[in-house]
Amino acid sequence: MTAAATAPDQGTAGTTPEGALSQLLREANDAGITYQEMADRGITPDGSKLPKQWYQKLVKTPPVNPPSVPQMRAIAEAIRKPFRRVQEAVAQQWLMYEATELAGYDEEVRIIVGHLAGKSKAELLAWRMMIEAAERARREAGE
């Protein structure tokens, strides 16, 4: 007696999506920064360098654990991106966390931005034009 073959699990079929930090490093490499240049530029706060293979591994086969804060600082230097951008990419790749907070703004602004998130460029442009037109009308009315 033979058992029927089961279909492969769709969740494991194909390749897994590239993580945010891996993508950031790959894009820097695609833009012309070699892994050796990353290794030369990426210096941790204590003065040590991360080897070329370390950057390559982050792109090809990322480790289970995220980079440390000193390593993130080295990555930021290596790819000439702000530390905050690298920090967000690490959080997204290893913690599945995407920053959506707007520091320094009140709840009303956060709600408005939340409604605009995910809109197309055309929709965002239309909203911007409406806001600017309303501000112009208020100024012209002397308010």
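Residues numbered from 1 in each chain as written. Predicted model: local features only at pLDDT ≥ 70, side-chain atom pairs only at ≥ 80, totals over all residues. Heavy atoms only, no water.

**Overview of the overall build of the chain**
Part 1 of the reasoning: Looking only at helices and strands, the chain has seven helices and zero strands in total.
Part 2 of the reasoning: Helices (α) and strands (β) of the chain occur, in sequence order from the N terminus, as α-α-α-α-α-α-α.
Part 3 of the reasoning: By the burial criterion, 22% of the 143 residues in the chain qualify as buried.
Part 4 of the reasoning: Of the contacts formed within the chain by residues at least 6 apart in sequence, a portion of 51% connects residues at least 24 apart.
Part 5 of the reasoning: Per element, the accessible surface of the chain, about 10700 Å² overall, is 55% carbon and sulfur. (Helix = DSSP H or I, 4+ residues; strand = E, 2+ residues; numbered from the N terminus. Buried < 20%, exposed > 50% of the residue type's maximum accessible area, 1.4 Å probe, protein only. Contact = heavy atoms within 4.5 Å. Areas by Shrake-Rupley, 256 points an atom, 1.4 Å probe, with all protein chains shown as cover.)

**What to know about the pattern of salt bridges**
Part 1 of the reasoning: Evaluated as defined, the whole model comprises four salt bridges.
Part 2 of the reasoning: One salt bridge in this structure joins Glu88 and Arg84, with 3.3 Å as the shortest N-O distance. With Glu88 and Arg84 both in helix H5 (residues 83-95), this residue pair falls four residues apart, about one helical turn.
Part 3 of the reasoning: Here Glu88 falls in the partly exposed class, since its relative accessible area comes to 30%.
Part 4 of the reasoning: Given a relative accessible area of 53%, Arg84 falls into the exposed group.
Part 5 of the reasoning: The partner of Glu132 in a salt bridge is Arg128, and the shortest N-O contact between them spans 3.0 Å. (Salt bridge = Lys/Arg side-chain N within 4 Å of Asp/Glu carboxyl O.)

**Concerning the confidence of the model for the chain**
Part 1 of the reasoning: Considering every residue of the chain, the mean pLDDT works out to 83; 83% of them sit at 70 or more.
Part 2 of the reasoning: For the chain, per-element mean pLDDT is lowest for helix H6 (residues 107-116), which scores 74, and highest for helix H2 (residues 35-41), which scores 96.
Part 3 of the reasoning: Counted against residues more than four places away or in other chains, residues 1-15, with its pLDDT under 50, gives zero contacts. (pLDDT = per-residue confidence, 0-100.)

**Description of the environment of Ala91**
Part 1 of the reasoning: With respect to the element layout, Ala91 can be found in helix H5.
Part 2 of the reasoning: Given the relative accessible area of 15%, Ala91 is considered buried.
Part 3 of the reasoning: As a C-alpha pair, Ala91 and Leu21 span 70 residues in sequence and 8.8 Å in three-dimensional space.
Part 4 of the reasoning: Ignoring any residue separated from it by four or fewer positions in sequence, one finds Ala91 in contact with Met96 and Tyr97.

**Some remarks on the packing of helix H1 (residues 20-30) against H5**
Part 1 of the reasoning: It is the contact of H1 with H5, at a shortest axis distance of 6 Å, that shows an interaxial angle of 135 degrees. Of the possible angle classes, the one that applies to H1 and H5 is oblique. Two secondary-structure elements touch here, H1 through Ala20, Leu21, Ser22 and Leu24 and H5 through Arg85, Val86, Ala89, Val90, Gln92, Gln93 and Trp94.
Part 2 of the reasoning: Partitioning the contact of H1 with H5 into residue classes produces seven nonpolar, three polar and one charged. (Axes fitted to C-alpha atoms, helices over the stretch in contact; angles between N-to-C directions. Parallel < 35°, antiparallel > 145°, perpendicular 65-115°, else oblique. Nonpolar A, V, L, I, M, F, W, Y, C, P; charged D, E, K, R; others polar.)

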